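One letter stands for each residue in the lines below.
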Amino acid sequence: MGTVRLTMAQALVRHLAAQWVETGGIEDENGQRERLFAGCWAIFGHGNVAGMGEALYAHREQLPTLRAHNEQAMALSAIAYAKAKFRRRMMAVTTSIGPGATNLVTAAALAHVDRLPVLLLPGDIYASRRPDPVLQQVEDFGDGTVSANDCFRPVSRYFDRITRPEQILTALPRALAVLTDPAECGPVTLALCQDVQAEAYDYPAWFFEEQVHRIRRPGPDEAELAAAVAALRKAERPLVIAGGGVLYSGAAKALAGFAERHGLPVAETQAGKGSLAWNHPGNVGSIGVTGSSAANALAVDADVVLAVGTRLQDFTTGSRALFRAPGRTLIQLNAAVFDAGKHGALPLVADARRGLDELSEALGSWTAPKAQSDRTRGLIAEWTASVDRAQHLGVGGQGGVAGGGGAVLELQVEV
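This structure is a prediction, so every number in the text was calculated from the model and none was measured.

Q: Any chance you could explain the pattern of salt bridges here in plain terms?
A: Pairing between side chains becomes possible if they bear opposite charge and their charged atoms approach one another. Inspection of the entire model under this criterion finds 18 salt bridges. The salt bridge involving D150 is made with R153; its shortest N-O contact spans 2.6 Å. Here R216 ties to D181 by a salt bridge, and the two come within 2.5 Å at their closest N and O atoms. Taken together, the positions of R216 in the loop between β11 (211-213) and α8 (222-233) and D181 in the loop between α6 (168-179) and β9 (187-193) put the pair 35 residues apart, joining distant regions of the chain. Its relative accessible area of 51% is what places R216 among the exposed residues.

Here's what the structure looks like:
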């Protein structure tokens, strides 16, 4: 089998550089592949410079190092990159210990909330505890194992502290499984004890072989699909809400086809903006606190709501005020079981694109009632007229901000 003697940091960086992902066209994968990690953001200090710093320099061609001046800012940049790449590609972030690490916590919480992948690699205290304490070490009076990096535990989808060089043989595959999973996706923290970063170990050669990740597309359960179909077939005033999961799944074409085939209005969450072309006849605009009057009017009266790839947070639901109709049925099409069961919904656990395709096939020739389609067109026309008036006020010298504010005020009153 053979082994390669490397420091833990060298082995970690080499393993990350060997990771690839199938991307192709986001709508229809064609086997094209790119490196999973586009680079590593870094601020070096005594907790990571001798280990991660040396290792990253040696692999700067495969895993470029991007320098920054603020840890939170570079982590937020990494998160933004992952969002722009629809969670297909991502970045790592390494910092020193103490405030260098804790400055990442807010960004980690954001990634956790928005289900976005980022690999956080903060330095940690000496595993050997020689010396002890070190600069910026958090000395817990009742627990000698606590460090500043324990702050990451509640805001990480996976957390591990590497206290032996061989531990990355299991920790890294687990981390990558979370980062590339459509349901578990989120921030991963591997706290790297600074002495262990520079410790050598004979790693098996297979650990550095190229690995190609393919984002899985789970299909819906037959019983859950049948329940969703039955609910939609009875709908008089159906509404679709498209979230960020539509974009991450590459389901925009599937959503457009679904809306057109079945005559359904589609509202977008903030994360789902762009799921449907802005001028698509079924697009009723944003929904919720910052939503359009068209989307919110339809939401208030809807008897069946199909939410696709959204966690339905309070800005989307108006703290549930938009879902006031008695006897309303909510269907949650989501890759994550956690989100699919929210608000007493009928769960439809599946990839957004595959779920929409199979749901459309099962619905057959069913379409929403003509009265709902007519009302949708009327509400879209009213909302468009409001936007046009707001733009005219801005151009006409009364101030773009005042004009836009008027439109928002009108929206909030109508909600």
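Q: What is the right way to read the confidence of the model for the protein chain from this model?
A: Should pLDDT be low for a region, the predicted coordinates there are not to be read in detail. For the protein chain, per-residue confidence averages 92 on the pLDDT scale, and residues scoring 70 or more make up 92% of the total. In the predicted structure, residues 397-415 sits below a pLDDT of 50 and forms 21 contacts with residues beyond four places in sequence or in another chain.

Q: Looking at this model, I keep getting lost on the sheet that holds strand β17 (residues 346-349). Mind explaining?
A: Hydrogen bonds between backbone atoms are what pair the strands of a sheet, whose relative direction is either parallel or antiparallel. If you trace the six strands from one edge of the open sheet to the other, you get β14-β13-β12-β15-β16-β17, paired in parallel fashion. A strand with exactly one partner marks an edge of an open sheet, and here the two such strands are β14 (283-286) and β17. Within the sheet, the average angular offset between the axes of one strand and its neighbour, ignoring direction, is 20°. Pairing between strand β12 (residues 238-242) and strand β13 (residues 266-268): three bridges, direction parallel. When the bridges of β13 are listed, I241 appears paired with A267. Here helix α10 (residues 252-262) sits on the sheet and contacts β12, β13 and β15 (304-308); the angle it forms with β12, its principal contact strand, is near 170°. Against the sheet, helix α11 (residues 293-301) makes contact with β12, β13 and β14, and its axis sits at roughly 100° relative to β14, the strand it touches most.

Q: What am I meant to see in the environment of L192 here?
A: Here L192 shows up in strand β9. Considering only alpha carbons, one finds L192 and F37, 155 residues apart in sequence, at a separation of 19 Å. With sequence-adjacent residues up to four places away left out, L192 is seen in contact with M8, L12, G47, M52, L121, P122, G123, D124, I162 and Q197.

Thresholds, definitions, all that
Residues numbered from 1 in each chain as written. Predicted model: local features only at pLDDT ≥ 70, side-chain atom pairs only at ≥ 80, totals over all residues. Heavy atoms only, no water. Salt bridge = Lys/Arg side-chain N within 4 Å of Asp/Glu carboxyl O. Helix = DSSP H or I, 4+ residues; strand = E, 2+ residues; numbered from the N terminus. Buried < 20%, exposed > 50% of the residue type's maximum accessible area, 1.4 Å probe, protein only. pLDDT = per-residue confidence, 0-100. Contact = heavy atoms within 4.5 Å. Pairing = 2+ DSSP bridges. Axes fitted to C-alpha atoms, helices over the stretch in contact; angles between N-to-C directions.

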